[in-house]
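An overview of the molecular structure
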Amino acid sequence: MTLKKDILIPRPSHLNLAIGLALGTFSIASPVMAADGAQQNSEQTETVSVYASRMDAQKANGAVAVSTVSLEEIEKRQGSNVTDLIRHLPNVSVIGGGRDVAQSVTIRGLSSDNGRVVQLVDGTRQNFSVGHRSSLFIDPELLSSVEVVRGPSSTLWGSGALGGVFAQNTKSASDFLSGTETLGGYVKQGFNSNNNASRTSGAVFGRTETVDWLVQSYYHDSDDNQLGNGKTLSDSSNREKGGFAKVTYTPSLDHQWTFIARQGELDDMSPSNPSIKEPSGFYPSVYRETRDQSLSVAYDYRPATNWIDISSQLYWNNTEMEEHRVVPQERDNNETQTLGFSITNTSSLKELDIITGLDLYRDSYETIRDDSSKPGERPAGQDANAENVGVFGQINMPVSEQLQWQAGVRFDAYKGEDNRPTSMDGDSRDHAWSPSTALTWNATEQLALTASYREAFRAPSLEEMYASGTHFITRMGINRFVPNPDLKAEHSANKELAITYQFTPTSYFDNAYVDVRLFRNDVDDFIDMNVDFMGGTTTRENVQDAKLEGVELSLHHQLGGFTNNLSYSQTEGKDKETGSYLENIPAHKFVAETDYALATLPVSVGGRVSHYADQDDTNDANTYDGYILWDLYASYSPNGDWDGVKFDLAIDNLTDEQYTQAWAQVASPGRDIKFNVRYQF
């Protein structure tokens, strides 16, 4: 990648950097799952963490739609961004355009960009949110799985889960070691043809009778993306490096301590709003340096009783984004710190499962806006805190031989405060209840029907409540932000019907199922930005009540080495009062994928076709054309003298389609050939 500040950034050997970081970057860490080394064999003991126990509770009964991307799938996709791993899932889309630094995840029409999707890494909340900037900083190379909960989920996850939950789980030594292996490592080198990206990573890992540990790092460097029409997407290059370490200490079967430390650095040059086509006077070129850090410690207590299964976690996240506005020579800073604690207990009594828990977290949000070139013509800096306390409980129990009932409720109390000495705005305090219930009828051994009702909420963000200073300047004069600490929380109520049919194995398939879901999500008190051009003010207000309706259809088929998946999904959103369409609702999507693992050779091949329909549900003349994307992938793990080596090849956008996602201003990349070689020792 060529940046204007390259003179200040050393460009070390990729391999040397990866190995160096892997051997010495960190000294502490933690996992969600670890091998039980007491017997030093392939037998492993799963750890139920705060993250896993809640996700398992969501999966229980099939009452909630949960999609999982496994480690095998992650390696096949070879994603340069975590969004590459999930964009094919039903009613999951990526908005923001062709630059990674602008992208966010949308679930059923509600986006993580404005806090309507909860993002987790190893069970810890990632609450960084600044307008037009991505909050997706973890590299796919660190991940062992990704899970997406589709639909409101505040009963277990609290504020922000209007659309769902996007959870990322990092690797541990057990993802690499098998049998009696106790020590190992790997080095990996990859290349992407589209943007000449070089992707280097490495790790060392091991386990003893009581300790499981891993240290991993990565370094990536890319040029600008190439579009399907042969043009270059300017200001889309980036450089990133980082790593993490995990240690799991299991002194006995009842107790387990887990630690994690993670750090990532991302440098890029893009418009101050990276979702627009090119820099302008209003959105100048920005050299952006992002530093994302996380520390956590977890303690699990699992005695030999069905009443107690405790998982607790203390965590700290810090994300700092420094921006150098190149032409006006101004320097801005955005920083969010989150300090949190979670504890859950799961009781399993015969056929009755009860999960209870407590969540505490505090966000500190601080920004600096440099207006030295034009005093008084920039947004004001912010200094604010938010605190949240939530308690919850959920029960899963049989009503009869064929009926299963799930019910839960959560109470959250939250507070926001502006710490600026000049602020005249008072604290914002409120609370919310988030109930949920689901009833499943197992009509036969194969057929299950579920009806569910779930409520969720999102507390106003600190930026939404306390933004002040200049928003923009026109010929009509200065338009200024007006704080609004009286904003109400957004609330949603989701009604959903699900039908699942599991086929009995025959000579035509070893495993097959069909899953159909219909939903309607009513969202009240939507927070939107109201720009008054005549009055010269901009403020956030609760402006509309909306409804989002949709359908999801998934089919899975597996026979021998063949695995086939089909899905169709759609979401439509409207203002309930005016009937106008909501923005950022994804186009209807059809995805077909097939994969074949050869029985005689360590080879697997596969492909995927994704059809995106036209998006005509807009309130103006702007519409978005549909498109079709073809992707191929293959992997080969030779034996003998080449044992430990793995080759992965993937081709994204095989036909070099020129396309722009619905609602985006910036086109997405054209054909990209990805090749990776990994050697594990």
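See the structure printed just above.
So, a few notes on the structure that sits alongside this text. One numbering rule holds for all chains: residues counted from 1, following each sequence as written. Reporting of local features is limited, given that this is a predicted model, to residues whose pLDDT is at least 70; pairs of side-chain atoms are given and counted only at 80 or more, and all residues count toward the totals for whole chains, interfaces and linings. Only hydrogens and water are set aside; all other atoms, that is, all heavy atoms of the structure, feed into the side-chain values.

**Some details on the sheet that holds strand 1 (residues 65–69)**
Spatial strand order, 1-7-8-5-6: five strands in an open sheet with mixed pairing. Two strands in the sheet have a free side with no partner beyond their single neighbour: strand 1 and strand 6 (124–125). The pairing of strand 7 (residues 143–150) with strand 8 (residues 164–170) spans seven bridges and is antiparallel. Pairing of Val149 across the sheet is with Val165, part of strand 8. Here the rule is simple: two strands pair whenever DSSP picks up at least two bridges between them. Counting from the N terminus, the helices are the DSSP runs of H or I reaching at least four residues and the strands are the DSSP runs of E reaching at least two.

**Focus: the nonpolar core**
Counting residues in each nonpolar core, the largest one holds 28 residues, and the members touching the most others are Ile86, Val146, Val148, Phe166 and Phe205. Secondary-structure elements contributing two or more residues to this core are strand 3 (104–107), strand 5 (117–121), strand 7, strand 10 (197–207) and strand 11 (211–222). In terms of residue count, strand 7 provides more of this core than any other element does, three residues in total. Residue contacts are defined here by distance: any two heavy atoms, one from each residue, within 4.5 Å place the two residues in contact. When neighbours within four sequence positions are excluded, Val146 is seen to be in contact with Ser67, Thr68, Val69, Ile74, Val82, Leu85, Ile86, Phe166 and Ala167. Counting residues in hydrophobic clusters, the runner-up holds 13 residues, among them Leu120, Val149, Ala161 and Val165. What makes a nonpolar core is a set of buried Ala, Val, Leu, Ile, Met, Phe, Trp, Tyr and Cys residues whose side-chain atoms join them at distances within 4.5 Å. For each residue, the accessible area found with a 1.4 Å probe, counting protein chains only, is set against the maximum for its type, and the residue is called buried under 20%, exposed over 50%, and partly exposed in between.

**Observations concerning the sheet that holds strand 3**
Spatial ordering of the open sheet is given by 2-3-4, a layout of three strands whose pairing is antiparallel. On the outer flanks of this sheet lie strand 2 (92–95) and strand 4 (110–111), each paired with one strand and no other. For strand 2 and strand 3, the ladder comprises four bridges, and the chain directions are antiparallel. Among the inter-strand pairings, Val94 is bridged to a residue of strand 3, identified as Val105.

**Quick look at the packing of aromatic side chains**
The criterion for an aromatic pair is that two Phe, Tyr or Trp rings (for Trp, the six-membered ring) have centres within 6.5 Å, with stacked assigned to planes under 30 degrees apart, edge-to-face to planes over 60 apart and tilted to the rest. The full count for this structure, using the stated rule, is 17 aromatic pairs. Both rings, one in Tyr679 and one in Phe681, keep their centres 6.1 Å apart while their planes meet at 35°; by these two values the pair is tilted. Assessed through its relative accessible area of 39%, Tyr679 is described here as partly exposed. Grouping aromatic residues by their ring pairs yields a cluster made of Tyr636, Trp642, Phe647 and Phe675. Arg108 extends its terminal NZ or CZ atom over the ring of Phe519, reaching a point 4.0 Å from the ring centre. Cation placement over rings: the criterion is NZ of Lys or CZ of Arg within 6 Å of the ring centroid and within 35° of the ring normal. Sitting over the ring of Tyr186, Arg678 keeps its end group 5.8 Å from the ring centre.

**Here's the deal with the side chain of Thr155**
Residue position: Thr155 is located in helix 4 (residues 154–157). Under the relative-accessibility criterion, Thr155 is labelled buried at 4%. Two N or O atoms form a polar contact when they lie within 3.5 Å of each other; inside protein one atom must be a possible hydrogen donor and the other a possible acceptor, and for residues adjacent in sequence the pair counts only when both atoms belong to side chains. There is a polar contact of 3.1 Å between the side chain of Thr155 and the side chain of Ser436. Not counting chain neighbours up to four residues away, the residues in contact with Thr155 comprise Phe392, Gly393, Gln394, Gly408, Val409, Arg410, Ser434, Pro435, Ser436 and Glu455.

**Side note on the environment of Ala432**
Looking at where Ala432 falls in the secondary structure, it is placed in strand 22 (residues 428–433). On the accessibility criterion, Ala432 (2% relative accessible area) is buried. Spatially, the C-alpha atoms of Ala432 and Ser144 are 34 Å apart, while their sequence positions differ by 288 residues. Ignoring anything within four residues of it in the chain, the contact list for Ala432 reads Arg410, Phe411, Asp412, Phe457 and His491.

**Observations concerning the pairing of strand 23 (residues 436–442)**
Judged from the six bridges that link them, strand 21 (residues 403–418) and strand 23 form a sheet pairing that is antiparallel. Considered in strand 23, the bridge of Gly408 is made with Ser436. Relative to strand 24 (residues 447–458), strand 23 runs antiparallel, the two being bridged by seven bridges. Directly across from Ser436, in strand 24, lies its bridge partner Arg454. In this antiparallel pair of consecutive strands, strand 23 and strand 24, the connection spans four residues.

Note that all results are geometric; they support no functional claim without further evidence.
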